[in-house]
Structures are given as C-alpha cells and as structure tokens.
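# Fold and geometry: a report
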Amino acid sequence: MAFPDGAADVSRHIRDMTAQAPGQGPETIGTMTTTQSPDTTSRTRSGRLTRPASSSPAGRTALAATAALTSLTLALTACAGPSEADLPSVPPASDARTTTAPPKVLLLGDSVAQDVSLALAAAFQASGVGFESLASDGGGNVVGPFSEERWETLPEEVETAEPGLVIYQITGYDWGTGQEQREGYEKLVDTVTEVDATLLFVTMPPIEPDDFYEPHMEDLDRAPEVARSVAADSEGRAEVLEAGEVWGESYRANRDGEPDRNPDGIHLCPQGAARLTHWMLGELRSRFPDIDPAAPEEWADTGWASDDRFGAC
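About the cut-offs
Residues numbered from 1 in each chain as written. Predicted model: local features only at pLDDT ≥ 70, side-chain atom pairs only at ≥ 80, totals over all residues. Heavy atoms only, no water. Helix = DSSP H or I, 4+ residues; strand = E, 2+ residues; numbered from the N terminus. Buried < 20%, exposed > 50% of the residue type's maximum accessible area, 1.4 Å probe, protein only. Contact = heavy atoms within 4.5 Å. Areas by Shrake-Rupley, 256 points an atom, 1.4 Å probe, with all protein chains shown as cover. Patch = residues over 30% accessible without salt bridge, like charges linked within 9 Å, V, L, I, M, F, W, Y side chains within 5 Å. Salt bridge = Lys/Arg side-chain N within 4 Å of Asp/Glu carboxyl O. Lys, Arg positive; Asp, Glu negative; His and termini not counted. Charge placed at Lys NZ, Arg CZ, Asp CG, Glu CD. Expected span 1.5 Å × (residues − 1). Bend = angle between axes of the 7 residues up to and from the residue. Polar contact = N/O pair within 3.5 Å; in protein donor to acceptor, adjacent residues only side chain to side chain. 1 Å grid on protein atoms, 1.4 Å probe; cavity = no way out; pocket = protein on both sides within 12 Å on 5 of 7 lines; lining within 4 Å. Points joined across faces, edges and corners; volume = space filled by probe spheres on them. Nonpolar A, V, L, I, M, F, W, Y, C, P; charged D, E, K, R; others polar. Axes fitted to C-alpha atoms, helices over the stretch in contact; angles between N-to-C directions. Parallel < 35°, antiparallel > 145°, perpendicular 65-115°, else oblique. Left-handed = near helix turned anticlockwise from the far one by under 90°.

### A word on the overall build of the chain
Counting its regular elements, the chain contains 8 helices and 9 strands. A total of 313 residues make up the chain; the buried ones form 53% of that total. Counting contacts in the chain only where the partners sit at least 6 residues apart, residues at least 24 apart contribute 77% of the total. Carbon and sulfur atoms make up 50% of the accessible area of the chain, which amounts to about 13900 Å² in all.

### Overview of the environment of E180
Within the element layout of this structure, E180 appears in helix α5 (residues 178–194). On the basis of relative accessibility, which here comes to 26%, the residue E180 falls in the partly exposed class.

### Looking at a negative patch on the surface
A cluster of like negative charges, contributed by E156, E159, E162 and E194, occupies part of the molecular surface. Counting through the fold element by element, E162 comes out in the loop between α4 (147–161) and β5 (165–169).

### Regarding helix α3 (residues 111–127)
In this model α3 runs 24 Å from its N-terminal to its C-terminal C-alpha over 17 residues, within 8% of the 24 Å that 1.5 Å per residue would give. Helix geometry: α3 is bent most strongly at S117, by close to 35 degrees. Capping the start of α3 is the job of one residue whose side-chain oxygen sits 3.2 Å from the backbone nitrogen of V112: D110. Downstream of α3 by a residue or two, G128 has a phi angle that is positive, lying close to 70 degrees.

### Concerning empty space enclosed by the protein
In total, this model carries 1 cavity of 30 Å³ or more according to the counting rule given. Here the largest cavity defines a volume of roughly 50 Å³. Around the largest cavity sit 11 residues that line it, and D110, V112, G172, Y213 and I266 are the ones nearest its centre. Taken together, the residues that form the lining of the largest cavity break down as 6 nonpolar, 4 polar and 1 charged.

### Some points on the packing of α4 against α5
For the pair α4 and α5, the least separation of the axes is 10 Å and the interaxial angle reads 30 degrees. Our classification of the angle between α4 and α5 gives roughly parallel. Crossing of α4 against α5: the hand is right-handed. Between α4 and α5, the residues in contact are W151, L154, P155 and V158 and G184, K187, L188 and T191, respectively. Its residues assigned to classes, the contact of α4 with α5 shows 5 nonpolar, 2 polar and 1 charged.

Structure follows, in structure tokens:
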C-alpha cells in the first residue's frame, strides 16, 4: 500500500514524536508488565523522580499533576457509574478477589495507549488483575504503515502474554481503505481467538490533526465503523468500547480547569488517562464479573502521573 506522505515521512514523524514524549521499554511490576523508558538518570523504576520534585520543570509538572489528580480522585469517586443494580454482585470484602482469578489484560496500541497504560497499570495492580502493555510510540497498529512488520511478531507476543482479554486502542496510524482496515481487524480477532481470549476495540480520542495526520482523517474517521462491523460479525469474539463517552466529539485540552489532553492535539495528560481508565474499569466490570475494580483513591495518585511522557501537560 502506498502512503501519501511516504515511509520516510512516517519514520521522521515517529522520531519527532518520541523526542517530544519519551517512549517506553518493557518493565515488569509484579504480575504486570508496563512500558517505561530506561532513563536511570531522571527517575527510578517506579517512575518517581529521583530529584526533589520542585527542582526541575519535570518536577514542577509532577507536583501540578499530583494536585490535579488529588482533585480528580475525589471527582472520580463521586462520579455516577453504572448503578449497583446493573453491576454483577461483588463478594464481601474478605472474600473479594479470592473466588475466580480475573483474566489477564493485554493492551495493544500506539503512544496514546502508552499514555493510558500507566494509569491502567496502577489501577489493575490495585485491583489484583494481571496486566501487560505492548503499546508502542509511533506504531502498534495492525493496519497501515509498517503493520506488515508488526504482524511478523505480534501473534507470538500475544501467545506468550497468555491474556484472557486483549484491548486494542485504535491507533492514529490505522490508515488504509475500508477493506484494508477490515482485513487488519479481522486478523486481530483471529489472533486473539487463537489464545482463547476476548478482544475489545477502544475508539481513539478525537484529535486536532496537524499536517501529518490531516491527509488520513478520512481513514481514521472510518476506522471505528469498520471495527464495529468486524465485531458484529465476530460471533461474540470481539466488541467495541465507545470512548466517545469519555472524550466527547472534539478535542478538548482542558476539563474542569485542569489539563486533560496534551497540547500537541493527540496525546493524553494524567487527568485524561485517569478518566479513561476509570471509565474502562466500569466497562470491564459490567462484562467480566471476576474483575473487581479498586476505588480511584487506591490508584489515581500513586506516582505514575510524574512520568516524563506527561511533561508537556
């Protein structure tokens, strides 16, 4: 498939994006694998800054993010989620998470998925759910530029992860015709089915496209529709989570007076990552009774928001 901007432009954009928001390399935390940059000079393996938080721009960002997340924790706790009548019954606290092991969750996607992976890792750890992220900066897509290279290793990676649930954050690189998108998504459904897991597509947040993304907006606008069609034909093997409930119809940099989306018009700030995570936990609980989400105060302000990738927020 030929891309209007050319492969060289895609590669250059990926390098520029990575420079603006540091990428992540594999790191294991307990039963979970997240993605973190091997930058030993600026933070420890937990993602916390090793210098006093106020001694650098990143530190000041961390302080601001902590304050914002403290407020957000209260807001999330007070948020009206699904009514108790609509949710599966939860065992008493002494018996919770001791009956049936919840499915391990595997996250796929691009740098937006990496943003939310930090909040998801904290939330799943607090909830006793195994979690691994294979999201990557400037890629992670199953259709579009470099997807052929991605497919060379993805089936084995999914099999090795042994997930019970795979979440695919539709990426900003899911370019192609409707047929090409369908083929990529159907292949992903088949790959996930082969390991006896369920696939959940998550629609991408609305973006404010620059010159790089603008030529591909028709493809990106079509992608959720194709995913819905693929899920409808999957005989229950896949479903689409409509994240428009979180983001609305257009890009919004701030919500409730706090940064929610990165100023680049694409990525997430800690508040946006926490809001998406809180919503996803509710969606998962309604579908998988063995997932018993921890309360927001147990994960929303545990240090992940100080990661360098949120520096522009």
